[in-house]
Each structure stands twice: as structure tokens, then as C-alpha cells.
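Report on the structure
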Amino acid sequence: MGAGFSGLHLLHRLRGDGYSVRVLESAPEVGGTWYWNRYPGARCDVESVDYSYSWDGDLQQEWEWTEKYPAQRDILAYLSHVADRFDLRKDVELETTVTGATWDESTSRWSVRTEDGRAYAAQFLVMAVGCLSVPKEVDLPGLEHFGGQVLRTWNWPEDAELAGHDVCVIGTGSTGAQVVPALAEVVARLTVVQRTPNFVIPTRNRPLAEGELEAVKAEYPERRRRNAGHSAGVFRSDNPKNAMEVDAAERQATFQERWEGGGINFLGSFADLMFDQAANDAICSFVREKIGEIVEDQKVAELLKPDSYPLGAKRPVVATDYYETFNRPNVSLVDVRENPLEAFTESGLALANGEQHDFDTLVLATGFDAFTGAFTKMEIRGRDGVLLRDVWQEEGPKTFLGLSSAGFPNMLMPANAGSPSVLSNMVTSIEQHVSWIADLLAEMRARGLRTVEAEPQAQEKWVEHVEEVAHMTLWPNGDSGSWYRGANIAGKPQLFMPYAAGVVEYGKALEKSAKSGYEGFVLA
Ligand code: NA7
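Described below are features of the structure shown in this document. For every chain, the first residue of the written sequence is number 1, and numbering continues from 1 onward in sequence order. With the structure being a predicted model, the display of local features is reserved for residues of pLDDT at least 70 and the display and counting of side-chain atom pairs for 80 or more, all residues being used for whole-chain, interface and lining totals. Just so you know, side-chain values use all the structure's heavy atoms and leave hydrogens and water out.

1. Examining the overall build of the protein
Using the following cut-off: Numbered from the N terminus, helices here are DSSP runs of H or I no shorter than four residues, and strands are runs of E no shorter than two. Using C-alpha atoms as the atom set, the radius of gyration is obtained and then compared with a globule rule of 2.2 Å times the number of residues to the power 0.38. Burial classes: relative accessible area under 20% of the type maximum marks a residue as buried, over 50% as exposed, and values in between as partly exposed (1.4 Å probe, protein chains only). For accessible areas, the Shrake-Rupley method is used with a probe of radius 1.4 Å. Any residue's cover is judged against the shown protein chains and nothing else. Under the convention used here, Asp and Glu are negative, Lys and Arg are positive, and both His and the chain ends fall outside the count. For the purpose of locating charges, the reference atoms are NZ of Lys, CZ of Arg, CG of Asp and CD of Glu.
The number of helices and strands found in the protein is 16 helices and 20 strands. In summary, the protein has a C-alpha radius of gyration of 23 Å against a globular reference of 24 Å for 524 residues, a match within 12%. Along the longest, intermediate and shortest principal axes, the C-alpha atoms of the protein span 70 × 55 × 45 Å. Counting over 524 residues, the protein shows a buried share of 57%. Carbon and sulfur atoms make up 49% of the accessible area of the protein, which amounts to about 21,400 Å² in all. Taking the average location of the 50 positive side-chain charges in the protein and that of its 77 negative ones, the two points are 4 Å from each other.

What follows is the structure, encoded as C-alpha cells:
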């Protein structure tokens, strides 16, 4: 399921290995996340040359990236090209929404149902459904009373025309911080509704300089090796020093240099930023000072300064001119933390203190039911008719190595909860999983095995380990309300879902299991 980066790569690899493969995709085009999230300003925060497949030398030599960080339309064009170039489309069924899948014990196969009544049978079900593909239910009081148009960043209409409109954006996560500066340039008035401020790092995107892409291409294999050898799945020149071991002047100079460089390299300023509260406090203070310097109105600057969680505990946001946008005369910030949103009206919204804000267009950038949403939305029944939704809504996504859940044989879950996924360059993590899954299937075929499934005790230990590793860092701290641990959705079980040790340590765990005959899995 899913024709994004994972699904397309799986299709190419498994078809090449001699399997019969069908990819079911609800969108009318391939691309997954990068098809749906086509709001103005959408851009990846991993560099173009690294946010791409490494498994075909010619592909990576021929594709021409134009900017340092890829815009959504460029990633979509790339994935569409991959689908054409490797003749993948013939095995992809677009506009095919899966509603459920049931494990049939007697045939050791899954039967898969779609919204339009089609049915498929498959020995293996690979859930290439993405971590951020199902929006969180919109929990805004009285939204139905609003008389204007409502646009959703996760399903942006191709023909949205906002020039001259009075627009309100709700949400200041990665999406909000990208869409706000883009909209501010075209709309008449922009109201930004913020509940929890985020740390926003400048992207410093730019066109690739002459010769830059060629230089990367000349050493691509080495670059890919370096990426795979970094915990984040993308090489960063991390400073090995600890923040509190150097004097204040060196600390400031290091933060300043990396802030000017832009992007996630800023997080590699010091080695202990996610381990030592004092180090994290230092980088938080630096960003707060920057906000104060950039934003002219100091009342607005104060509202934009995060102060209730460590930098990183909520996904750090990388965006262009976010803080600068609040200096524009057509942009205003509405803080709904101190003064909650009371209700929507026909012409806008009302706050608890009676303040009214009017607009004709509402843009929702309110986030996702991360990791589990795509699974719990479907009716997936494993052994004995057990519903995955019941198990995961009670206990959270319990898996071994993030790949398999006990009771759901032959259902494999690349780059999602329980593996580094969103804490890494997703493409590196996806490639790690696709090759591991292909090896597993080859081994099963060679040994005449029909089923694979997480061993319950191994699964318990893995979930504990993922949680334990997260608690060695500052990631779970503060009141970030982060989707990393399900805290953006009321009632969702809270456990830290991505594996914080990163792709290198994770790769060792994958290899250890495979080398020992798939320890932690029951093969039958
Ligand atoms: P996020 O990071 O979950 O951000 C959602 C934003 O929406 C966040 O600022 C929320 O505030 C805000 N929000 C959500 N519900 C409400 C209500 N009811 N009232 C006010 N504000 C609300 O999602 P994104 O789409 O920005 O990013 C997701 C990931 O996609 C991103 O990290 C990249 O990996 C790609 P809150 O913080 O909950 O107070």
C-alpha cells in the first residue's frame, strides 16, 4: 500500500526479485506525502542531492536538482520520473483506497478490500503508508459556522487562488511555518493563529551553484556511504565538542556560524544538545535572542519565543523568512495559548476574551495522526480476527524493530513507528528497510517458509528499548505536545514512536537479527 518513496522502491526491488507485486495508492498520482502536501512553500529540509534514491547509479547521475533544498513540485517530478523510467506505473493502481485487510489462516494470505469494492489476495502486505499521511481530526470549536472557504494544507487544491483574500492560518508547525511566509506575499491580510511557538531555523535555500551538482555526482557513492554512516541518515559535519565544555564566546560563535549556514546543520552545533539540559538551554536562548533581533514588535517577538520544551522535543522547523514575515504590515499573530479560541463565527473567529478576527479563507495546518493514523483508519484483522486498531489504540504501535507486529503475520511496515523514520533522512531509512525486507523474503523463499511475524517477547523488549533510548535524550521532555509521542491528539496512547538511536545503531539491530536466522521473528 502506498506509492510514495517506499512503495515505489519496494515495487522496483521486489518485482526485480521475481515477485508478483501490486501497489495500491489512493491518490491519482504517485508521490505519497509529496503528492498531497502541495501547499505554497512546501519544501523538504534534507538537501535535494541526499533526498533521492541511491539504488540506481544512472538515475542519480542524470537527474538535475536545481536548488539546495527541493520544493514539493521538484520531489513530485522526480518520483513521477522514477515511475516512468522504471516502468512502475503498470503495477500501481491509482485512486484505489484500501479500507481493510484480513488475514486468512487457512491460506496464509491477506485479503485486501478497497473502497470501490475490489478485492486482492496477497501473501505479503507491505504497509508503505507513510508516517504523516492521515490528518489529525480537526478539533476546532464551531468550525461549521464559518461561512468562508476552508483549505487544508494536506490536500491543497491545485487551483487555489488567494491573491487579495483575507486569510487565517491555524498551526505553526513545519507546515504552518512554510505556508505562512509564502501566503503573506500574495494575500491581502494574513492572520496567524499560534498555540505553541516553535523553534524555526532558517533554511537558507538557494539555487545550486554552477558545478555544484557535478561535484556531488562525481563522488555520489562516497556521499551515500557517508549518509548511511550518520545516525540521521544524512551526513552532517557535527561538532564533536560539548556545548558546556567551551566558553560562552565559542558557544555563541558556533551557534552563529551554523545559524548563518542554515538548515538542520544547526542541530549539529554541539554533541550534547539533545542530552544535556544546560546545553539545550543555551541553544534555546540563542534562538530566542534571534527572534528578538528579527521581529521588530517586541510583544510579537515574545509570543513567538518557545519556552516550555527543549529545542528538538517538538520537531525542529526549518523555514524561510518565518520570523521576518511578522514584520510585514499585512501579517498579524494571534496567540490562543493565553487567550483560547472560543468559537468560529460566520466571518471569522472569536477568542475567549471577546476579541474577533475576521477573514474569508481559513487554512488548516493542524497536523497529523502521526505513525498510527494510516493503520488505525483501516480495518486490519490479523490472527483470530484481532483488529489492529483495537490493539494500537489501547497500547500504541507495538512492533519488533518497527517492522512487524505480533498477531499480524506477513504484514511489514517500512520506515514507521519503532524505527528511526522521521528522525532520519526518510529516504535512507526507506532504503535500509527495503533491502532488509527483500533479503527476508528471499530467505523465506529459499527455506520454503510461508509466514513471518514479530515474536511477542521480542516485541515487548523492543518497545521498551525504543522508549528507554528516547529517555536517554531530551526528546520526551517538556510540554511540547509533540506528535513524536502521540501527544498532539487527545486520548492517543503516549509512547515515543521513532527510534532515537538513529540509522547506524538501528542497522546493527537489523543485521543482528538477520544474521541469527531472524531472531525476534517467528518464521513458519
Ligand atoms: P504539526 O507539527 O503537528 O503542527 C500542527 C500545528 O497545528 C501546531 O502548531 C499545533 O499547535 C496546531 N494546532 C493543532 N490543532 C490546533 C488547535 N485545535 N488549535 C490551535 N492550534 C492547533 O504538523 P505539521 O503539519 O506542521 O508538521 C508535521 C510534519 O510534517 C513535520 O514535522 C514534517 O515532518 C512534515 P500545538 O503545537 O498543538 O499547540
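2. Some details on the pairing of strand E8 (residues 166-170)
Note the cut-off: We call a crossover right-handed when, viewed with both strands directed away from the observer, the connection leading from the first strand over the helix to the second proceeds clockwise. Paired strands, as defined in this entry, are two strands with at least two bridges between them according to DSSP.
Most of E8 sits out of view: four of its five residues are buried. One crossover worth recording links E8 to the parallel strand E9 (residues 189-194) by way of helix H5 (residues 174-184), and it is right-handed. Alignment of E8 against strand E16 (residues 361-364), held across four bridges, turns out to be parallel. Bridge assignment links Val167 to a residue of E16, and that residue is Thr361.

3. Topic: the sheet that holds strand E12 (residues 331-335)
Quick reminder of the rule: Fitting a line to C-alpha atoms yields each axis, with helices limited to the stretch in contact; the angle taken between N-to-C directions then spans 0 to 180 degrees.
Taken in spatial order, the five strands line up as E7-E16-E8-E9-E12 in an open sheet, and their pairing is parallel. Either end of the sheet is taken by a strand with one partner, and the two such strands are strand E7 (149-152) and E12. When strand polarity is set aside, the average angle formed by the axes of neighbouring strands in this sheet is 20°. Sheet topology note: the E8/E9 ladder contains five bridges and is parallel. Note on E9: the bridge partner recorded for Asp166 is Arg189.

4. Considering the environment of Ala77
Along the chain, the position of Ala77 falls in helix H4 (residues 72-85). Judged by its relative accessible area of 37%, Ala77 is partly exposed. Separated by 47 residues in the primary sequence, Ala77 and Val30 place their C-alpha atoms 9.8 Å from one another.

5. Quick look at the site of the ligand
Spelled out, the test is: What makes a residue near a molecule or strand is one non-hydrogen atom of that residue sitting within 4 Å of it. For this analysis, a polar contact is any N or O atom pair within 3.5 Å, provided that within protein one partner can donate a hydrogen and the other can accept it, and provided that sequence-adjacent residues contribute only side-chain to side-chain pairs. Three classes are used, and their members are as follows: Ala, Val, Leu, Ile, Met, Phe, Trp, Tyr, Cys and Pro are nonpolar, Asp, Glu, Lys and Arg are charged, and the others, Gly among them, are polar.
Taken together, 19 residues lie near the ligand, and Thr175, Arg195, Thr196, Lys314 and Arg315 sit nearest. Measuring from an oxygen atom of the ligand, one finds a side-chain N or O atom of Lys314 at 2.8 Å. With respect to the ligand, the side chain of Arg315 contributes an N or O atom lying 2.8 Å from an oxygen atom. Contact with the protein chains hides 88% of the accessible area of the ligand, taken as 770 Å² for the molecule alone. Of the residues belonging to the shell around the ligand, the class tally is six nonpolar, eight polar and five charged.

6. Thoughts on the sheet that holds strand E15 (residues 356-358)
Across the sheet, three strands lie side by side as E13-E14-E15; this open sheet has antiparallel pairing. Edge positions in the open sheet fall to strand E13 (341-345) and E15, since each of these has one partner strand only. On average, each strand axis in the sheet is tilted by 20° relative to the strand beside it, whichever way the strands run. Looking at chain direction, E13 and strand E14 (residues 348-351) are connected through four bridges and run antiparallel. Opposite Leu341, over in E14, you have Leu351 as the bridge partner.

7. Looking at the packing of helix H14 (residues 426-447) against helix H16 (residues 502-515)
A pair of packed helices can be characterised by two numbers: the angle between their axes and the separation between those axes. Our working definition: Relative orientations are named as follows: roughly parallel for angles under 35 degrees, roughly antiparallel for angles over 145 degrees, roughly perpendicular for angles from 65 to 115 degrees, and oblique for any other angle. It only takes one pair of heavy atoms within 4.5 Å for two residues to be counted as in contact.
Remark: H14 packs on H16, axes separated minimally by 11 Å, with the N-to-C direction vectors making an angle of 5°. Relative to H16, H14 is oriented roughly parallel. The residues of H16 that touch H14, namely those facing Ser429, Gln432, His433 and Trp436, are Val503, Tyr506, Gly507, Leu510, Ser513 and Ala514. Among the residues forming the contact of H14 with H16, the class breakdown is five nonpolar, five polar and no charged.

8. Notes on the pairing of E9
Most of E9 sits inside the fold, with five of its six residues counted as buried. Two strands pair when backbone bridges link them, and E9 and E12 are joined in this way by five bridges, in the parallel orientation. When the sheet's bridge partners are listed, Gln194 is paired in E12 with Asp335.

9. Quick word on the nonpolar core
When a protein is soluble and globular, its nonpolar side chains tend to lie buried together. Test applied: Each nonpolar core is a collection of buried residues, namely Ala, Val, Leu, Ile, Met, Phe, Trp, Tyr and Cys, held together in the definition by side-chain atoms within 4.5 Å.
With 81 residues, the main nonpolar core has Phe5, Tyr51, Tyr53, Tyr78 and Leu440 as its most contacted residues. Elements with a minimum of two residues in this core: helix H1 (5-16), H4, helix H6 (212-218), H14, strand E19 (452-454), helix H15 (456-471), H16 and strand E20 (521-523). In this structure, Tyr51 is in contact with Phe5, Trp34, Cys44, Val46, Trp65, Ile75, Asn425, Met426 and Val427, ignoring residues within four places of it in sequence. Counting 50 residues, the second-largest nonpolar core is a separate cluster that includes Leu151, Ala279, Cys284 and Leu304.

10. Side note on the packing of H1 against H14
Under the convention used in this document: The handedness criterion is simple: a crossing whose near helix is rotated anticlockwise from the far helix by less than a right angle is left-handed, and one whose near helix is rotated clockwise is right-handed.
Relative to each other, H1 and H14 sit at 35°, their axes nearing to 10 Å. Regarding H1 and H14, the two cross each other, and that crossing is right-handed. Within the contact between the two elements, H1 uses Phe5, Ser6, His9, Leu10, Arg13 and Leu14 and H14 uses Val427, Ile430, Glu431, Val434, Ser435, Ile437, Ala438, Asp439 and Leu441.

11. Some thoughts on the pattern of salt bridges
What counts is decided by this rule: Any Lys or Arg side-chain nitrogen located within 4 Å of an Asp or Glu carboxyl oxygen qualifies as a salt bridge.
Taken as a whole and assessed by the stated rule, the structure comprises 37 salt bridges. For Asp139, the salt bridge identified is with Lys136, shortest N-O distance 3.6 Å. Given a relative accessible area of 6%, Lys136 falls into the buried group. Measuring nitrogen to oxygen at the nearest pair gives 3.3 Å for the salt bridge that ties Arg225 to Glu222.

12. Here's the deal with the side chain of Thr153
Along the chain, Thr153 turns up in the loop between E7 and E8. Once you skip the residues sitting within four places of it in the chain, Thr153 turns out to touch Trp36, Asn37, Arg38, Tyr39, Thr175, Val363, Leu364 and Ala365.

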